[in-house]
Amino acid sequence: MTDYLIKALAYNGQLRVYAIDTTETVRKAQRIHDTWSAATTAFGRAITATSLLSQSLLKGGNKMTVKIMGNGPTGTIVIDGTASGDVKGYLKEPHVHLPLNKQQKIDVKGAVGSSGLLEITKDLGLKMPFTGQVPLVSGELGEDFTYYMAKSEQIPSSIGVSVFVNNDNSVRTAGGFMVQAMPDADEAVLAEVEQNIANLPAISVMMAKKTIPEEIIYRICGQKNTQILDKVEISYRCDCSKERFAKSLASISPADLKLIIEEDHSAEVICHFCKKKYVFTEAELERLVKDI
Ligand code: ZN
């Protein structure tokens, strides 16, 4: 089944609500990067949150890069998201497995670290990209993205992201939600929704019971209060190509390129995001030197 995100309005437009199933997307990410349990959960939550924010903050051909720079063993996590629903990412150390935390859950905070920065760069097709940065406030990631939305985008939100990891490190389910309050939102509505969110089981647990994104929104806002606006397909997709890597090789100095030709007679580059390997032959490298 294809992953998708649902956009909705609730309570006559007082709230914007998003719910997403990222099960296949996070499964693919786990397989590409061979992440272990704690890294899978952190990476999957970051992918889910980036997909939610991309659908809220981007339009048309816009894209964003999320960098989570925590002091934990996974190191920096990088996720790219687009308005069209493509997402891809990588992390410094995928082989992180930790003992369960006090709540008997996978220790995401332990993997990411509880101090560091969350940085988001939005390419809105303008001259300069926009970068916003906040300190990590939790390390569990849902709260960190919530804090970013309030602080950097001035949109009071509630974000929940969750990944259900099997014992063999593979992904059973993954998903999340985001609720945004419009400036005119009624206090009583906010209190009611807050209570519904507090009563909600983890999204990945709901998804393991076959709950779809539409139903998650109904659980948060009530079906009669909800107006579904849009459905967007989400997938892990890398747009790398040999031409693009040729361009980055061409940015190496001609002297260094010549050294690679003399010593190795070829160059091999691996895409960080999808691990695809590109080989440049001696003739191709010589053509690059000539073009520079
Ligand atoms: Zn790639």
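Data block above holds the structure.
Our subject in this report is the structure included herewith.

Thresholds, definitions, all that
- The residue count restarts for each chain, going from 1 along the sequence in the order it is written.
- Totals for whole chains, interfaces and linings use all residues, but because this is a predicted model, local features are given only for residues with pLDDT of at least 70 and pairs of side-chain atoms are given and counted only at 80 or more.
- Computation of side-chain values covers all heavy atoms of the structure but excludes hydrogens and water.
- A pair of strands is labelled paired if DSSP reports no fewer than 2 bridges between them.
- Per the convention used, a helix needs a DSSP run of H or I reaching at least four residues, while a strand needs a run of E reaching at least two, with both numbered from the N terminus.
- For helices, the fitted axis covers only the stretch in contact; all axes are lines through C-alpha atoms, and the angles between them, taken along N-to-C directions, range from 0 to 180 degrees.
- Note on terminology: a nonpolar core comprises buried Ala, Val, Leu, Ile, Met, Phe, Trp, Tyr and Cys residues joined through side-chain atoms within 4.5 Å.
- For the exposure calls, accessible area comes from a 1.4 Å probe over protein chains only, and a residue counts as buried if that area is under 20% of its type's maximum, exposed if over 50%, partly exposed in between.
- It only takes one pair of heavy atoms within 4.5 Å for two residues to be counted as in contact.
- Atoms of type N, O and S within 2.8 Å of a metal are treated as its donors, and for Na, K and Ca the window is 3.2 Å; water is not considered, so some sites may appear to be missing partners.
- Tetrahedral means four donors with every angle between 85 and 135 degrees, whereas square planar (four donors) and octahedral (six donors) require angles over 155 degrees between opposite donors and between 65 and 115 for all others; sites fitting neither are termed irregular.
- A cavity, in this analysis, means grid points on a 1 Å lattice covering only the protein atoms where a 1.4 Å probe fits yet has no way out; a pocket is instead an open set bounded by protein on both sides within 12 Å along at least five of seven lines, and a residue lines either one if it has an atom within 4 Å of a point.
- Grid points are joined across faces, edges and corners, and a volume is the space filled by probe spheres set on the points.
- Following the grouping adopted for this structure description, the nonpolar residues are Ala, Val, Leu, Ile, Met, Phe, Trp, Tyr, Cys and Pro, the charged ones are Asp, Glu, Lys and Arg, and the polar ones are all others, Gly among them.

So, on to the sheet that holds strand S5 (residues 86–91). Ordered by their spatial adjacency, ten strands build an open sheet running S7-S6-S3-S4-S5-S10-S1-S2-S9-S8, and the pairing between neighbours is mixed. Pairing within the sheet leaves two strands with one partner each, and these edge strands are strand S7 (130–135) and strand S8 (157–165). Going from strand to strand, the sheet's axes swing by 15° on average, the running direction of each strand aside. Note: strand S1 (residues 3–10) against strand S2 (residues 15–21), six bridges, orientation antiparallel. If you follow Leu-9 over to S2, its bridge partner there is Arg-16.

Here we come to the nonpolar core. Grouped together as the largest cluster of nonpolar side chains are 46 residues, with contacts concentrated most on Leu-53, Ile-68, Ile-77, Leu-118 and Phe-145. When residues in this core are grouped by element, the largest group, ten residues, is from helix H2 (residues 37–57). With near-sequence residues (within four places) excluded, Leu-53 lies in contact with Leu-58, Met-64, Ile-120, Phe-145, Tyr-148, Met-149, Ile-159 and Met-178. Grouped together as the second largest cluster of nonpolar side chains are 23 residues, Ala-8, Ala-181, Ile-220 and Cys-221 included.

At the metal site, the zinc ion is ligated by Cys-238 (SG), Cys-240 (SG), Cys-271 (SG) and Cys-274 (SG), and these contacts range over 2.2 to 2.3 Å. Relative to the metal, the four donor atoms surrounding the zinc ion lie at angles of 103 to 116°, and the coordination shape comes out tetrahedral. Of note, the donors binding the zinc ion are all from one chain and are spaced C-x1-C-x30-C-x2-C.

It is worth spelling out the layout of surface pockets at this point. Considering only enclosed or pocket space, the largest pocket measures out at about 930 Å³ in volume. Within the residue set of the lining of the largest pocket, elements represented by two or more residues are H2, helix H4 (142–152), S8 and helix H6 (203–208). If you tally residues by element for the lining of the largest pocket, the top one is S8, at eight residues. In terms of residue class, the lining of the largest pocket is built from 16 nonpolar, 15 polar and four charged.

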